[in-house]
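Residue-level structure breakdown
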Amino acid sequence: MATVIDWLGNWPGALLLQRSGTAYLLVNAAHILGIGLLLGAILPLDLRLAGVLRASALPLIGPILIRTAAFGLALALTTGLWLFTVKPGEYLGNTAFLSKLGLLVLALGNIALQHHGLKPALAGGVIGLRVRVLAMVSASLWLCVLVAGRWIGFV
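Source: prediction; values computed, not measured. (Residues numbered from 1 in each chain as written. Predicted model: local features only at pLDDT ≥ 70, side-chain atom pairs only at ≥ 80, totals over all residues. Heavy atoms only, no water.)

Side note on the packing of aromatic side chains
For the structure shown, the criterion picks out four aromatic pairs. Both rings, one in Phe 84 and one in Tyr 91, keep their centres 6.1 Å apart while their planes meet at 35°; by these two values the pair is tilted. With respect to burial, Phe 84 and Tyr 91 carry one shared label: buried. With a centroid separation of 5.4 Å and 10° between ring planes, the pair formed by Phe 84 and Phe 97 is classed as stacked. Here Phe 84 is found in helix α4 (residues 58-84), whereas its partner Phe 97 is found in helix α6 (residues 95-122), with 13 residues between them in sequence. For Phe 97, a relative accessible area of 11% gives the class buried. Counting every residue linked through ring pairs, the aromatic cluster contains Phe 84, Tyr 91 and Phe 97. (Phe/Tyr/Trp six-rings, centres within 6.5 Å; stacked < 30°, edge-to-face > 60°. Buried < 20%, exposed > 50% of the residue type's maximum accessible area, 1.4 Å probe, protein only. Helix = DSSP H or I, 4+ residues; strand = E, 2+ residues; numbered from the N terminus.)

Re a nonpolar patch on the surface
A cluster of nonpolar side chains, Leu 47, Val 52, Leu 53 and Met 136, forms an exposed patch at the surface whose accessible area comes to about 310 Å². Tracing the sequence through the fold places Val 52 in the loop between α3 (21-50) and α4. The exposed category is assigned to Val 52, whose relative accessible area is 54%. (Patch = residues over 30% accessible without salt bridge, like charges linked within 9 Å, V, L, I, M, F, W, Y side chains within 5 Å. Areas by Shrake-Rupley, 256 points an atom, 1.4 Å probe, with all protein chains shown as cover. Salt bridge = Lys/Arg side-chain N within 4 Å of Asp/Glu carboxyl O.)

Comments concerning the packing of α3 against α4
Where α3 meets α4, the closest approach of the two axes is 7 Å, and the angle between their N-to-C directions is 150°. Relative to α4, the element α3 is oriented roughly antiparallel. Our pair here, α3 against α4, has a crossing hand that is left-handed. When the residues that make up the contact of α3 with α4 are grouped by side-chain class, the tally is 23 nonpolar, eight polar and one charged. (Axes fitted to C-alpha atoms, helices over the stretch in contact; angles between N-to-C directions. Parallel < 35°, antiparallel > 145°, perpendicular 65-115°, else oblique. Left-handed = near helix turned anticlockwise from the far one by under 90°. Nonpolar A, V, L, I, M, F, W, Y, C, P; charged D, E, K, R; others polar.)

Quick word on the environment of Leu 65
You can see Leu 65 is positioned in helix α4. Looking at Leu 65, the relative accessible area reads 15%, which means it is buried. Taking the C-alpha atoms as reference points, Leu 65 and Leu 17, separated by 48 residues in sequence, lie 32 Å from one another. Setting aside its immediate chain neighbours within four residues, Leu 65 contacts Ala 41, Pro 44 and Leu 45. (Contact = heavy atoms within 4.5 Å.)

Overview of the nonpolar core
Leu 38, Ile 42, Leu 45, Leu 49, Leu 58, Ile 127 and Trp 142 are the most contacted members of the largest nonpolar core, which has 23 residues in total. Listing elements by their share of this core, those giving two or more residues are α3, α4, α6 and α7 (129-151). Per element, the largest residue contribution to this core is seven residues, and it comes from α3. When near neighbours in sequence (up to four residues on either side) are disregarded, Ile 127 contacts Arg 48, Leu 49, Leu 58, Ala 121 and Arg 132. (Core = buried A, V, L, I, M, F, W, Y, C linked by side-chain atoms within 4.5 Å.)

Here it is, written out as structure tokens:
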């Protein structure tokens, strides 16, 4: 395991971020943008699925929110992995980072569970109890991922 950690900390992308404050700033900003897009899209979608934002037409807003959240997730995961390589050994010893990873796995698993139930809802059908509950779980998990991510710098 130590060799993989050492390799990650010494790959050219990690070295670039370690040596350039500007590069680190830009990748970190892209990570925050990804998080903003993800949460800015997933929370309104979850709230609509849970029945809180009933005035919004789900067949209209659902697909665009899903695509925006997916793009934000891809950007956040890519830049997050890149930022991890700056100090991989330190992050693996950080309780907040490990908590964030665990919550992230749960949030991604929730997406997989929710995926099949969304098709009828996005087509304008009835939103079942399972979809509503998973939407509330999703909103809670993503907010916990956000808090755990902010906690990393304080541990």
